[in-house]
There are 2 protein chains.
Amino acid sequence: MLAEYRNQQIYHNHITTIPFGAFDFVLYYAEQMSQIIPVFEHQHDLYEIFYGIEGEANVVCGQDSLPLYENSMVLLGKNHLHRLRYMPEKPAVYFTMIFDIIPKSGNSSIDAELEYREIAKALDKADTNKYIYLPRAVSQQALLADIHKQIQDRKIGWASQIGILYYLFVLNLLRQTTSVVSDVKTPLGYKNIALEASKYIHSNYADELTIDMVAQQLNVTPRHVNRLFQEMFGRSFAHTVSVIRMEYAKKYLRTTNDSLERIAMHVGLPSGKVLIRLFHEQEGMSPGDYRAKFH
Amino acid sequence: MLAEYRNQQIYHNHITTIPFGAFDFVLYYAEQMSQIIPVFEHQHDLYEIFYGIEGEANVVCGQDSLPLYENSMVLLGKNHLHRLRYMPEKPAVYFTMIFDIIPKSGNSSIDAELEYREIAKALDKADTNKYIYLPRAVSQQALLADIHKQIQDRKIGWASQIGILYYLFVLNLLRQTTSVVSDVKTPLGYKNIALEASKYIHSNYADELTIDMVAQQLNVTPRHVNRLFQEMFGRSFAHTVSVIRMEYAKKYLRTTNDSLERIAMHVGLPSGKVLIRLFHEQEGMSPGDYRAKFH
């Protein structure tokens with residue numbers, strides 16, 4: 001697969017923005033190149049990555065000359081003059097990509113801000129030192145082959161997917177330039193309160209359970225819990241609790257010979273009578289008839 | 001690596017939004033589950049995927065019972081009652097994920113709209129037919145293992161990266177439910193005019209080249225071309241053309257014995273005199289002195 005994609009071109013000439021919580025990843029340009037294309041000295045207020053695919057190229061940045069073999073990477077800081085040494089006689093295939101990471105002005109979550117700062121700090125090293133050079137990076141050729149395949153296959157979603165894949169390419173290489181572990185402790189986004197509440201119900205269905213108790217446990221209003229339940233499970237909190245209790249009651253009816261009073265107690269209901277009423281409402285039969293089907 | 005991640009939990013309890021051009025991908029919940037956790041009948045106004053990792057589970061949707069083996073997938077449409085058959089004695093590991101695709105109200109590009117409609121149409125099939133069932137999907141276990149690894153390693157960017165990876169998981173499976181090839185012809189985003197203009201200059205440096213000609217060629221204003229050049233290459237259009245001409249002139253000086261008049265003609269300058277003046281300005285020496293260094 002690699003051999004095939006190496007003979008093909010990747011050419012991304014669309015300025016593509018992938019928005020994240022606290023920053024945008026902007027891809028200005030990506031192209032698979034070869035030794036026959038001259039790249040003259042230039043600079044820009046953007047980051048650029050050169051990544052060797054095969055053969056030998058040579059990135060010149062200021063006074064420094066950086067050989068680019070298979071899986072070598074040069075990440076150039078902003079506003080540093082650079083060029084490729086023109087060696088048309090030496091076979092070389094490499095990949096180049098121009099991008100930027102732009103902070104958002106709106107208010108983001110603290111974790112999203114933190115993630116932005118961690119990425120920006122890793123990139124800063126390239127600005128300060130003109131470039132970051134990894135002679136032997138962990139191979140990204142499978143990812144480049146995947147990008148090429150997406151472009152070829154043009155399956156639904158491909159057009160935004162390749163933007164994502166370019167971002168992963170940058171991220172994979174950037175991580176190799178730092179040993180920093182992220183301080184972001186959780187995935188980004190809002191905690192799914194309905195789900196947390198649901199787990200709480202499953203753990204406590206044998207006890208008394210009111211929406212106020214759950215809301216207090218999760219530091220939100222009871223009204224909010226109800227709204228989230230409707231969205232996530234298509235029914236109210238009270239109904240959800242009731243359904244969960246009946247499901248557990250059915251399990252006891254099927255697998256034990258316990259009395260209805262005892263089962264009611266197991267599932268957090270005040271009496272066998274209440275169990276019978278709820279069972280009728282939800283299952284359209286008595287607990288006894290249900291049990292009879294399994295015994 | 002797979003064996004290792006199969007024993008570990010993936011648990012994503014944060015509502016995470018990944019914005020694209022014309023829609024948001026919203027992940028409500030993702031978890032790796034086993035046969036010992038009961039999943040009672042429920043429904044929601046969201047999509048849900050069940051994906052078999054090992055053993056045998058069973059998704060019940062309405063009257064239908066869908067066995068879930070390794071790499072089986074059930075994609076449930078919105079608002080259809082479903083549950084997992086409770087078989088605690090049968091070993092089963094599976095992955096479940098609740099998500100939605102929400103169109104944006106703002107104005108997006110035509111291609112971004114088209115991409116949204118293609119994805120929405122594929123999902124519609126699940127809504128209409130209650131579910132889409134793939135008994136043997138192409139394995140996504142490597143992707144799940146990658147998600148797990150990202151969570152474990154917590155390298156910079158991990159927190160938003162796993163949201164992306166869940167999106168790719170959905171996309172990979174959704175594509176297997178349709179044979180549709182995307183009508184989106186180009187990657188999403190704006191065409192990089194500076195880059196296109198630069199390619200045009202490289203192809204036409206031997207001829208007269210004015211910013212008006214290039215602007216006309218690309219259907220934009222000359223002012224716009226200049227602004228984009230500053231951004232992309234850190235210098236004006238005129239300077240860029242001049243630099244490119246001198247770079248080609250240097251190549252002729254190094255590799256041929258052509259007269260200055262002839263080289264000027266090769267690189268699109270009106271006379272040897274102009275070449276000498278520009279060469280002095282940019283290289284700080286005469287073309288003759290430069291040539292002498294290489295002969």
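Residues numbered from 1 in each chain as written. Chains lettered and ligands numbered in written order. Predicted model: local features only at pLDDT ≥ 70, side-chain atom pairs only at ≥ 80, totals over all residues. Heavy atoms only, no water.

A.B. asks: Help me understand the side chain of A:Ser198, please; the structure alone is not making it clear to me.
C.D. replies: Structurally, the position occupied by A:Ser198 is in helix H5 (residues 193-204). When residues no more than four places from it in sequence are discounted, the contact partners of A:Ser198 are A:Phe229 and A:Phe233. (Helix = DSSP H or I, 4+ residues; strand = E, 2+ residues; numbered from the N terminus. Contact = heavy atoms within 4.5 Å.)

A.B. asks: Where do I start with helix H3 (residues 141-153) of chain B in this structure?
C.D. replies: Every α-helix winds through 3.6 residues per turn, so residues three or four apart in the chain are directed the same way. Residue and element names in this part refer to chain B. Here H3 is 13 residues long and its end C-alpha atoms lie 18 Å apart, about the 18 Å a rise of 1.5 Å per residue gives. Every buried residue belonging to H3 is among Gln141, Leu143, Leu144, Ala145, Ile147, His148 and Gln150, and all of these are buried. Residue Arg154 follows H3 closely and has a positive phi angle near 45°. (Expected span 1.5 Å × (residues − 1). Buried < 20%, exposed > 50% of the residue type's maximum accessible area, 1.4 Å probe, protein only.)

A.B. asks: What is the right way to look at the relation of the copies chain A and chain B in this model?
C.D. replies: Both copies of the chain are related through a single rotation about an axis accompanied by a shift along the same axis. Mapping chain A onto chain B calls for a rotation angle of 180° and an axial translation of 0.0 Å; the resulting RMSD is 0.0 Å. Taken together, the turn and the small shift mark the pair as related by a two-fold rotation axis. Within chain A, A:Pro19 has its C-alpha nearest the rotation axis, a separation of 3.1 Å. Same-surface contact between copies: 100% of interface residues of chain A are shared with the interface of chain B. (Least-squares fit on C-alpha atoms with pLDDT ≥ 70 in both.)

A.B. asks: Hey, could you run me through the UniProt feature "domain: HTH araC/xylS-type" (unreviewed entry) in chain A in this one?
C.D. replies: Cross-referencing UniProt, the feature "domain: HTH araC/xylS-type" (unreviewed entry) maps to residues 195-293 of chain A in the present numbering. Within residues 195-293 of chain A, the helical portion is 75% and the strand portion 0%, while the C-alpha atoms at the span's ends are 33 Å from each other. (UniProt positions renumbered as here; feature names shortened; annotations may be inferred.)

A.B. asks: For this particular structure, what's the right way to read the interface of chain A and chain B?
C.D. replies: As a measure of interface size, the accessible area lost when the parts come together is often cited. With 70 residues of chain A in contact, the opposing surface of chain B contributes 70 residues. Contact between chain A and chain B buries roughly 6,300 Å² in total, counting both sides, with carbon and sulfur atoms accounting for 61%. Together, A:Phe40, A:Ile156 and A:Arg175 form the three largest contributors to the area buried by chain A at its contact with chain B, with a combined 13%. Remark: the boundary between chain A and chain B carries two salt bridges. (Buried area = accessible area lost by both parts, 1.4 Å probe. Salt bridge = Lys/Arg side-chain N within 4 Å of Asp/Glu carboxyl O.)

A.B. asks: Would you mind going over the sheet that holds strand E5 (residues 57-61) of chain A with me for this structure?
C.D. replies: Hydrogen bonding along the main chain pairs the strands of a sheet, whether they run parallel or antiparallel. Residues and elements named next belong to chain A. In spatial order, the strands read E6-E5-E8; together these three strands make up an open sheet with antiparallel pairing. In the strand order of this sheet, the two ends are held by strand E6 (64-68) and strand E8 (82-84), each with one partner. Pairs of neighbouring strands in the sheet enclose a mean axial angle of 20°, with direction left out of account. Across five bridges, the pairing between E5 and E6 is antiparallel. The residue bridging Ala57 from the neighbouring strand is Leu68, located in E6. (Pairing = 2+ DSSP bridges. Axes fitted to C-alpha atoms, helices over the stretch in contact; angles between N-to-C directions.)

A.B. asks: Looking at this structure, I do not really get the packing of aromatic side chains. What am I missing?
C.D. replies: A ring pair, where both rings are aromatic, is described by two values, the distance of the centres and the angle of the planes. By the definition in use, this model includes 32 aromatic pairs over all chains. Both rings, one in A:Tyr205 and one in A:Tyr248, keep their centres 3.7 Å apart while their planes meet at 5°; by these two values the pair is stacked. Placement of A:Tyr205 in the loop between H5 and helix H6 (211-218) and of A:Tyr248 in helix H8 (residues 237-255) is noted, with a sequence separation of 43 residues between them. For the pair A:Tyr205 and A:Tyr248, a shared accessibility class is recorded, and that class is buried. Pairing B:Phe229 with B:Phe237 gives two aromatic rings, centres 5.5 Å apart and planes at 80°, and the pair type is edge-to-face. (Phe/Tyr/Trp six-rings, centres within 6.5 Å; stacked < 30°, edge-to-face > 60°.)

A.B. asks: Sorry if this is basic, but what is going on with the layout of surface pockets here?
C.D. replies: Take a probe with the size of a water molecule and roll it over the atoms, and the empty space left behind shows itself. Looking at the largest pocket, its volume works out to about 1,000 Å³. Lining the largest pocket are 32 residues, and of these A:Asp146, B:Leu143, B:Asp146, B:Leu168 and B:Asn172 sit closest to its centre. Of all the elements in the fold, those that place two or more residues in the lining of the largest pocket are helix H3 (141-153) and helix H4 (158-175) of chain A together with H3 and helix H4 (158-175) of chain B. The element contributing the most residues to the lining of the largest pocket is H3(B), with seven residues. A breakdown of the residues in the lining of the largest pocket according to their chemical character gives twelve nonpolar, ten polar and ten charged. Size it by volume and the second largest pocket reaches roughly 650 Å³. What lines the second largest pocket is a set of 28 residues, among which A:Glu247, A:Lys250, A:Glu283, B:Glu41 and B:Arg83 lie closest to the centre. Where the lining of the second largest pocket is concerned, the elements lending two or more residues are H8 and helix H10 (272-283) of chain A together with strand E8 (82-84) of chain B. (1 Å grid on protein atoms, 1.4 Å probe; cavity = no way out; pocket = protein on both sides within 12 Å on 5 of 7 lines; lining within 4 Å. Points joined across faces, edges and corners; volume = space filled by probe spheres on them. Nonpolar A, V, L, I, M, F, W, Y, C, P; charged D, E, K, R; others polar.)

A.B. asks: What's the story with the pairing of strand E4 (residues 47-55) of chain A in this structure? I'm lost.
C.D. replies: Consecutive residues of a regular strand have side chains that alternate between opposite faces of the sheet. Residues and elements named next belong to chain A. E4 sits mainly inside the fold: seven of its nine residues count as buried. By the bridge criterion, eight bridges tie E4 to strand E9 (residues 92-103) in an arrangement that is antiparallel. Across the sheet, Ile49 pairs through a bridge with Met97, a residue of E9. Sheet topology places E4 next to strand E7 (residues 73-76); four bridges connect them, and they run antiparallel.

A.B. asks: Got a minute to help me understand the environment of A:Leu228 in this structure?
C.D. replies: Tracing the chain through its elements places A:Leu228 in helix H7 (residues 222-233). Note: C-alpha distance between A:Leu228 and A:Ile193 (35 residues apart in sequence) is 7.2 Å.

A.B. asks: Would you mind going over the sheet that holds E8(B) with me for this structure?
C.D. replies: All names here are of chain B. Read from one edge of the open sheet, three strands run E6-E5-E8, paired in antiparallel fashion. Unpaired on one side and paired on the other, strand E6 (64-68) and E8 mark the two borders of the sheet. Adjacent strand axes in the sheet meet at a mean angle of 20°, parallel and antiparallel pairs treated alike. Pairing geometry for strand E5 (residues 57-61) and E8, over three bridges, is antiparallel.

A.B. asks: I'm lost on the domain arrangement of chain A in this one. Help?
C.D. replies: Examined at the domain level, chain A breaks down into domain 1 (2-175) and domain 2 (193-292). One C-alpha centre belongs to domain 1 of chain A, the other to domain 2 of chain A, and the line joining them spans 54 Å. (Domains from an automatic or database assignment.)

A.B. asks: Help me understand the pairing of strand E2 (residues 14-19) of chain A in this model?
C.D. replies: With five of six residues buried, E2(A) is to be regarded as a mostly interior element. Summarising the sheet, E2(A) and strand E11 (residues 190-191) of chain B pair through two bridges and their orientation is antiparallel. Residue pairing across strands places A:Ile15 opposite B:Tyr190, the latter belonging to E11(B). One ladder, built from four bridges, connects E2(A) with strand E3 (residues 23-34) of chain A; its direction is antiparallel. Note that in E3(A) the partner of A:Thr16 across the bridge is A:Leu27.

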